[in-house]
Amino acid sequence: MPPEVTRRRFVFQTLGVIGGAMVSGDLLPLLAEAAKRKQILRVAIERDFESLRPDFGVGDSFNVLRRLIYTTPIIWGTQQRPDGSLIYDPDTLEMVLATAYKVSEDRQMIEFTLRNNAKFANGDPMNAQALKDSYAWFLGAKGSGQLRVNGLPSADLIEVIDDVTVRLHLDRPVAWGLIGNALMSSSSIVHAKEILKHATADDPFGIKWAETKAIESGPFVIETWQKGAMMSLVPNPHSFQPSKLERIILQVVPDASTRRIVLERGDVDFAMYIAPKDIADLRKASGVKVASYPSARGWFLGMTWRKAPFNNMHFRRAMAWAMPYETLMQVVTQGLSERLRSCVPKNISGYVGDFWPYETNLEKAREELAQAQVPDGFSVTLPVYANDPFDEEANVLIKETLAQLGITLTLQKMLMGQKRSLLNQKQVDMAVYDWRPWVPDAGYFIYFNWLPDSFTNYWSYVNPEAQTLGNEAITMAVGSPEREAKLRRFQEIVNGEIGLVPLFNQFDTITMRENVQGYVYYPDMTPDLARMHLG
């Protein structure tokens, strides 16, 4: 983030208004310039970035930034849909920092051949040692985290062969080993040596510096960051990922309705998180195009197994019969969803929808509640993401439904990070929540959610047979008949016990101006802005 650029272009003067969103006076000349020049992409995002650390950011907009400023060895390949739009191809990979890869027959060794003379934004070499240093920083700064999930718990398992060759020796084969270790967030290449220059005794991994500074490895570098308002990025002069764009402006527009207005009016070219209620009208708006994609983002109602009445099977059945499934899809998502019928999300490898018989039936719910011996006037507090239309509206509808059964829900609004923290600490008895596996595979979801030590086993689920099956499936090759049988039986057990209540799978809906070209839909819903351009 060059300080001279920051001072020259942004000196914080008077405030202006764009579509009801307050912006600094210095931003107005940039937006005016963007309107005149052909290749400046203006993007409305829902929140500012809490950090530049690629291991820490929250929300889809941060994933957008991460893909701009941090490269990875590979990325998904692409294919064209019948309507001409581009979507990821689960069967192909595109080389980015890597030029080639090999996977051993036992799937426990992955070798990458990297580009010659790749450089960070400051000109330092981005070679095999830099890749190892980057992975080692992730392992140290955040424990084992995502890399442990991928079978790489220690930097000692990373072997530098020469400047352009590196080998990852996994401690076990995992179905997503290549994907997880080459294009996930923990595969984002950071300049670890520069970060560690700023380490202190209290901060041995330089995390404080990395919160607000970066030596970029991706196709763009941060030109300026005006906290709470916007970020401007320009092409990285050392990038091997060419872009047609001259600049990208990420404008913070917290209100979803305002994001819709500025997009429709042409003040921005691309908008994140448009409210479902506005999608139908946007489809008819002149100069706007809208595309929807079935996604792996599942929404669930979870309940703790640690105490009554939530661990009572009759209570759990009552909740399964009580959920207003169709109403949730029509009201919350405006029909931009599909019914979910398993303890893993739909639209991923290994999903089975045969073991969930529940529909909305309040009479059956009452019968189950009578057997659950729930005390009169029973109430429970549910945490809710503030300003998330899906979470808020879903909870309100469920509250209204359960009130008919004599159950009172108290909805407590809070920041996304606060709710996630409470869930991770297992301090929540019941909650509506969503989970999107970045790797579209049921085994990946099971690893994170359903094993005894899973990071997001929020509800303390335990079943030795199911969890043994899940553990076995994790190490097996995707698509093998034996693995598919294990995943099927796993879902039969967990759904039979109502490990949670599956609600719906949300469609990912993308909104942009008609002249925006080059958008590719990826399974993590992260637009690769650097690949886009204005036609």
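Everything below is about the structure shown above.
Being a predicted model, the structure only gives us computed values, none of them experimental. (Residues numbered from 1 in each chain as written. Predicted model: local features only at pLDDT ≥ 70, side-chain atom pairs only at ≥ 80, totals over all residues. Heavy atoms only, no water.)

Caption draft 1: Spatial organisation of the environment of Gly 206. For Gly 206, the location among the structural elements is in the loop between helix H7 (192-196) and helix H8 (207-212). Owing to a relative accessible area of 0%, Gly 206 belongs among the buried residues under this scheme. When the C-alpha positions of Gly 206 and Met 313 are compared, they lie 48 Å apart, and in sequence the two are 107 residues distant. Leave out the neighbours within four places in its chain, and Gly 206 touches Ile 195, His 198 and Ala 199. (Helix = DSSP H or I, 4+ residues; strand = E, 2+ residues; numbered from the N terminus. Buried < 20%, exposed > 50% of the residue type's maximum accessible area, 1.4 Å probe, protein only. Contact = heavy atoms within 4.5 Å.)

Caption draft 2: Structural view of the sheet that holds strand S21 (residues 520-521). Taking strand neighbours across the sheet as the criterion, the three strands line up as S4-S5-S21 in an open arrangement whose pairing is mixed. Sheet topology places strand S4 (74-80) and S21 at the edges, where each strand pairs with a single neighbour. (Pairing = 2+ DSSP bridges.)

Caption draft 3: Structural context of unusual backbone geometry. In this structure, the amide linkage connecting Ala 308 to the following residue, Pro 309, adopts the cis form with an omega of -5°. When you line up the elements, Pro 309 lands in the loop between strand S14 (288-303) and helix H11 (313-322). Here the phi dihedral of Gln 334 falls at roughly 55°; this positive angle occurs in a residue that is not glycine. Checked against the element boundaries, Gln 334 lands in the loop between helix H12 (325-332) and strand S15 (337-339).

Caption draft 4: Broad picture of the packing of aromatic side chains. All told, the structure shown has 26 aromatic pairs when counted by the stated rule. Summarising the aromatic geometry, the rings of Trp 299 and Phe 504 are spaced 6.1 Å apart at their centres and angled 25° between planes, so their arrangement reads as stacked. Of this pair, Trp 299 sits in strand S14 while Phe 504 sits in strand S19 (residues 501-513), placing them 205 residues apart in sequence. By relative accessible area, Phe 504 is classed as buried at 0%. (Phe/Tyr/Trp six-rings, centres within 6.5 Å; stacked < 30°, edge-to-face > 60°.)

Caption draft 5: Molecular detail of the pairing of strand S16 (residues 379-385). The element S16 is extensively covered by neighbouring structure, given that five of its seven residues are classed as buried. Taken together, S16, helix H14 (residues 389-403) and strand S17 (residues 408-414) constitute a β-α-β crossover, and its handedness is right-handed. (Right-handed = clockwise from strand over helix to strand, strands pointing away.)

Caption draft 6: Focus on the packing of helix H16 (residues 442-449) against helix H18 (residues 481-496). Put simply, H16 and H18 touch, their axes get as near as 11 Å, and they point 45° apart. As judged from the angle between their axes, H16 and H18 are oblique. You can see that H16 and H18 cross each other, and the crossing is left-handed. Here Ala 442, Gly 443 and Ile 446 of H16 come into contact with H18, specifically with Arg 483, Leu 487 and Phe 490. Across the contact of H16 with H18, the residue classes tally to four nonpolar, one polar and one charged. (Axes fitted to C-alpha atoms, helices over the stretch in contact; angles between N-to-C directions. Parallel < 35°, antiparallel > 145°, perpendicular 65-115°, else oblique. Left-handed = near helix turned anticlockwise from the far one by under 90°. Nonpolar A, V, L, I, M, F, W, Y, C, P; charged D, E, K, R; others polar.)

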